[in-house]
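# Summary of the model geometry
The residues making up each chain are set out below.
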Amino acid sequence: MTDHPASPRSFSASLPLKGRIAIPGDKSISHRALMLSALAVGESRVTGLLEGHDVLATAAAMRAMGAGIERRDDGEWRIHGVGVGGLLQPREALDMGNSGTSTRLLMGLVASHPITATFTGDASLSGRPMGRVIEPLSQMGADIGASPGGRLPLMVRGLAPAIPLAYRLPMASAQVKSAVLLAGLNTPGITEVIEPVPTRDHSERMLCGFGADLEVETDADGTRHIRIRGEAELKPQTIVVPGDPSSAAFFIVAALIVPGSDITVANVGLNPTRAGLIEILQAMGGDIELLDARDVGGEPVADLRVRHSALKGIDVDPAVAPSMIDEFPILFVAAALAEGRTVTTGLDELRVKESDRLSVMATGLKAIGARVEESEDGLIIDGTGGDPLPGGATIAGHLDHRICMSFAIAGLVSTTPVTVDDMAPVATSFPDFEVLLAGLQGAAGAP
Ligand SMILES: O=C(O)C1=C[C@@H](OP(=O)(O)O)[C@@H](O)[C@H](O)C1
Ligand SMILES: C=C(OP(=O)(O)O)C(=O)O
């Protein structure tokens, strides 16, 4: 992803979206399935793995550290783990591409193994702060040399045995939590993460599934204490990865705002630590019906029927933010079409994603005629009440897949087409995005 030819695309006013699509595998769960399988003793099998560039970067890194990872023709992945403590010294730098999750979680794994690894990434990832993981991992004994500002490229020299730590998260970050827990896997004794604000819990769920000794205690005020006993032996698993709610979000919002739409989005993961967007869109008046609620691979899943709706602006409670942190760009598009004002606050974490998502969304939405004001930690948006946006601008995607997809959807409700300067980054999380979109548009035109 570092250097690629740009793929500009224009998106224009759409016919109603109709039909049914299945959402590909969850990115967060896919990363963890590969990492934990690579640390189990024996062969794990994973189906539904997201085959986006971010997850493939994790697969390549785990291979470079000794795991056997292959994809069969039927789409199942087979992973031969090396056992906790068994990671090998990679011969070359680990190229993390655009992926913050790969970088931060793998830094955690390397930190408690007797190996040294260099991490590199694309221009977006090289601008993101790694100090948040460097700090706790250094306290556990890892020696980390980073570029100025705690950025990539950086080198982690692990320490084995590492020093167990009790670490209180200074920001709501599942990546930091997971980095410390993964370092704790090969650390003698108990490593504890204290989490004042709950974030996605896929690491905890999957570590338990692989047989790690992990317990969670919740204080009366909601603070979670997650304790893992190290030097664990992980048992290989068969994993089915549920669909990614963060990918589903683009089609859910698209159906809500494109007049006449009625779609079913199948296989959507609804882990409560990820499902905040559904709650907010329903509170805005979105017609979203949950069908066939079930359990897939230890995670709640349902099919969602979504129909065009007259949305109303809302004050989004910042407490919901961690459970929809990647969905704000597309929520801002929904808000731009709603009637009245939407106010978001407490979103400073959005400034350190693949791009500064507050500033990039504010600039782009203004360019296509939305009424938006940027504050220090959120956006204030006055919607059109369902009228189309003027559109007619070229949007810089800043190597941020979620920005690119958000403006693609905005184009569907714009009078003049919206051009995204480069859709290539979408392949990091959702390679089939445009194919699925075309399918829903095609179904509308079908007899
Ligand atoms: O742990 C994870 O898989 C992720 C955690 C979140 O990041 P932070 O931990 O930085 O909030 C999220 O934005 C990212 O897309 C995936
Ligand atoms: C923030 C994201 O991912 P990462 O941090 O893994 O790059 C995302 O997918 O929106």
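Here the structure is a predicted model, which is why all the values come from computation and not from measurement.

In the sheet, strand 16 (residues 287-296) pairs with strand 17 (residues 299-307) via 8 bridges, with the strands oriented antiparallel. Paired with Arg294 across the bridge in strand 17 is Val301. The antiparallel hairpin formed by strand 16 and strand 17 contains 2 residues in its connecting segment, where Gly297 sits at a positive phi of about 55°.

This part covers the layout of surface pockets. Computed from the structure, the largest pocket encloses a volume of approximately 510 Å³. Taken together, 37 residues form the lining of the largest pocket, with Ala172, Arg200, Ile325, Asp326 and Lys353 sitting closest to its centre. At the level of elements, helix 1 (27-39), helix 3 (100-111), helix 5 (174-185) and helix 11 (401-411) are the ones that each hand at least two residues to the lining of the largest pocket. Of the residues belonging to the lining of the largest pocket, the class tally is 10 nonpolar, 11 polar and 16 charged. Two domains each donate at least three residues to the lining of the largest pocket, and these are domain 1 (9-25 + 242-445) and domain 2 (27-240). Around the second largest pocket sit 14 residues that line it, and Arg205, Met206, Ile239, Gly297 and Gly298 are the ones nearest its centre. Broken down by secondary-structure element, the contributors of at least two residues to the lining of the second largest pocket are helix 6 (202-209) and strand 14 (238-240). Ranked by residues supplied to the lining of the second largest pocket, first place goes to helix 6 with 4 residues. Its residues assigned to classes, the lining of the second largest pocket shows 6 nonpolar, 6 polar and 2 charged. Both domains that furnish three or more residues to the lining of the second largest pocket are identified here as domain 1 (9-25 + 242-445) and domain 2 (27-240).

This part is about the UniProt feature "domain: Enolpyruvate transferase" (unreviewed entry) in the chain. In the UniProt entry, the feature "domain: Enolpyruvate transferase" (unreviewed entry) is given for residues 16-434. Here residues 16-434 runs as 29% helix and 28% strand, with 16 Å between its end C-alpha atoms.

Another point: the pattern of salt bridges. What the rule picks out here adds up to 35 salt bridges. The salt bridge involving Glu195 is made with Lys177; its shortest N-O contact spans 3.0 Å. Within this pair, whereas Glu195 is found in strand 11 (residues 190-195), its partner Lys177 is found in helix 5, the two being separated by 18 residues in sequence. A relative accessible area of 0% places Glu195 in the buried class. Here Arg274 ties to Asp244 by a salt bridge, and the two come within 3.0 Å at their closest N and O atoms. On the criterion of sequence distance, the pair formed by Arg274 in the loop between strand 15 (262-269) and helix 8 (276-283) and Asp244 in the loop between strand 14 and helix 7 (245-257) is long-range, its members being 30 residues apart. In terms of burial, Arg274 and Asp244 fall into one category: buried.

Below, the discussion takes up empty space enclosed by the protein. In the structure shown here, the tally under the stated rule is 3 cavities of 30 Å³ or more. Of the volumes computed, that of the largest cavity is approximately 50 Å³. If you trace the largest cavity, you find it lined by Pro245, Ala249, Ile252, Gly269, Leu270, Arg274, Ala275, Gly276, Leu277, Ile278 and Glu327. Where the lining of the largest cavity is concerned, the elements lending two or more residues are helix 7 and helix 8. Roughly 40 Å³ of internal volume is contained in the second largest cavity. Residues belonging to the lining of the second largest cavity are distributed by class as follows: 5 nonpolar, 4 polar and 3 charged.

The rules behind each value
- Residues numbered from 1 in each chain as written.
- Chains lettered and ligands numbered in written order.
- Predicted model: local features only at pLDDT ≥ 70, side-chain atom pairs only at ≥ 80, totals over all residues.
- Heavy atoms only, no water.
- Pairing = 2+ DSSP bridges.
- Helix = DSSP H or I, 4+ residues; strand = E, 2+ residues; numbered from the N terminus.
- 1 Å grid on protein atoms, 1.4 Å probe; cavity = no way out; pocket = protein on both sides within 12 Å on 5 of 7 lines; lining within 4 Å.
- Points joined across faces, edges and corners; volume = space filled by probe spheres on them.
- Nonpolar A, V, L, I, M, F, W, Y, C, P; charged D, E, K, R; others polar.
- Domains from an automatic or database assignment.
- UniProt positions renumbered as here; feature names shortened; annotations may be inferred.
- Salt bridge = Lys/Arg side-chain N within 4 Å of Asp/Glu carboxyl O.
- Buried < 20%, exposed > 50% of the residue type's maximum accessible area, 1.4 Å probe, protein only.

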